[in-house]
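Below are the chains, spelled out letter by letter.
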Amino acid sequence: MATTTEATNTSTNNGEDKQSQNLRHQEVGHKSLLQSDDLYQYILETSVYPREPESMKELREVTAKHPWNIMTTSADEGQFLNMLIKLVNAKNTMEIGVYTGYSLLATALALPEDGKILAMDVNRENYELGLPIIEKAGVAHKIDFREGPALPVLDQLVADEKNHGTYDFIFVDADKDNYINYHKRLIDLVKVGGVIGYDNTLWNGSVVAPPDAPMRKYVRYYRDFVLELNKALAADPRIEICMLPVGDGITICRRIS
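Here is a short report on the structure shown in this document. Computed from a prediction, not measured in an experiment: that's the story for all the values here. (Residues numbered from 1 in each chain as written. Predicted model: local features only at pLDDT ≥ 70, side-chain atom pairs only at ≥ 80, totals over all residues. Heavy atoms only, no water.)

### Examining the overall build of the protein
Tallying secondary structure elements over the protein gives 9 helices and 7 strands in all. Considering the protein as a whole, with its 257 residues, one finds that 46% of them fall into the buried category. In the protein, 68% of the contacts between residues at least 6 apart in sequence involve partners at least 24 apart. Carbon and sulfur atoms make up 54% of the accessible area of the protein, which totals about 13300 Å². (Helix = DSSP H or I, 4+ residues; strand = E, 2+ residues; numbered from the N terminus. Buried < 20%, exposed > 50% of the residue type's maximum accessible area, 1.4 Å probe, protein only. Contact = heavy atoms within 4.5 Å. Areas by Shrake-Rupley, 256 points an atom, 1.4 Å probe, with all protein chains shown as cover.)

The following block contains the structure:
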């Protein structure tokens, strides 16, 4: 039988455990906005992990050891992107923000053999961490990787009208302070009926947090840019949108004009 002191300590520890669990949901690294870790784990173990290609599992595990693993696409979002690309029959695609390439691999595996991905990131070293796995999966030939800022590349593409309306699918998971600038250019490059996906549009739930709520500096800094994007997308008559609480929030935009 527990003593009064032990019982008090147990009660305190249980309270601390619950508080710790609640805090985990406030961390950007917790790649789900669900209020229950158990429910999220159920989704992963029931729907995602049993169907996850071996190459994606390997890349996910390699990425988990990287000090910046907070930047990776979650496994359930990777599964969602893979299916979405198949549903829209995408062939010519683009990805802005690659990191180690988990979402890139999800895209490459979904594309037909002659499908293409223009992939841009400022850090080639991170991309090369996942490249051997992408090569082993037999899809590296689909990827045209460009190291450096995406905006100059996009400006070059937009300058040539032959590129207008040529992309079936575009995924953006990069610097949030440039999301609006990306959208201004991508809307010309994606075809009518094509899809643009913007990641992190719920930004760990901070989009509904009070201005004085505690949050990490970079979360607070990018929060206003995410809010600006969400407002702009909602008002853009050229697209239909659907905001989903997958991963850290993803907004799917379908160009209609």
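### Quick word on the environment of His-66
The topology assignment puts His-66 in the loop between α3 (54-64) and α4 (75-87). The spatial distance from the C-alpha of His-66 to the C-alpha of Leu-129 is 9.4 Å, given a sequence separation of 63 residues. Sequence-distant contacts of His-66, defined by excluding residues within four places in its chain, comprise Tyr-99, Asn-126 and Leu-129. Engagement of the side chain of His-66 in a polar contact is seen with the side chain of Tyr-99, the distance being 2.9 Å. (Polar contact = N/O pair within 3.5 Å; in protein donor to acceptor, adjacent residues only side chain to side chain.)

### Focus: the pattern of salt bridges
For the structure shown, the criterion picks out 12 salt bridges. A salt bridge links Glu-128 to Arg-124; the nearest nitrogen and oxygen atoms lie 4.0 Å apart. Placement of both Glu-128 and Arg-124 in helix α6 (residues 124-136) is noted, with a separation of 4 residues, approximately one turn of the helix. Residue Arg-124 is classed as partly exposed on the basis of its relative accessible area of 30%. A network of salt bridges, in which partner residues are shared, links Arg-124, Glu-128 and Glu-147. (Salt bridge = Lys/Arg side-chain N within 4 Å of Asp/Glu carboxyl O.)

### Some words on a nonpolar patch on the surface
Taken together, the side chains of Leu-39, Tyr-42 and Ile-43 define a hydrophobic patch exposed on the protein surface, amounting to about 280 Å² of accessible area. In this fold, Ile-43 is placed in helix α2 (residues 37-48). Residue class for Ile-43 comes out partly exposed when judged on its relative accessible area of 31%. (Patch = residues over 30% accessible without salt bridge, like charges linked within 9 Å, V, L, I, M, F, W, Y side chains within 5 Å.)

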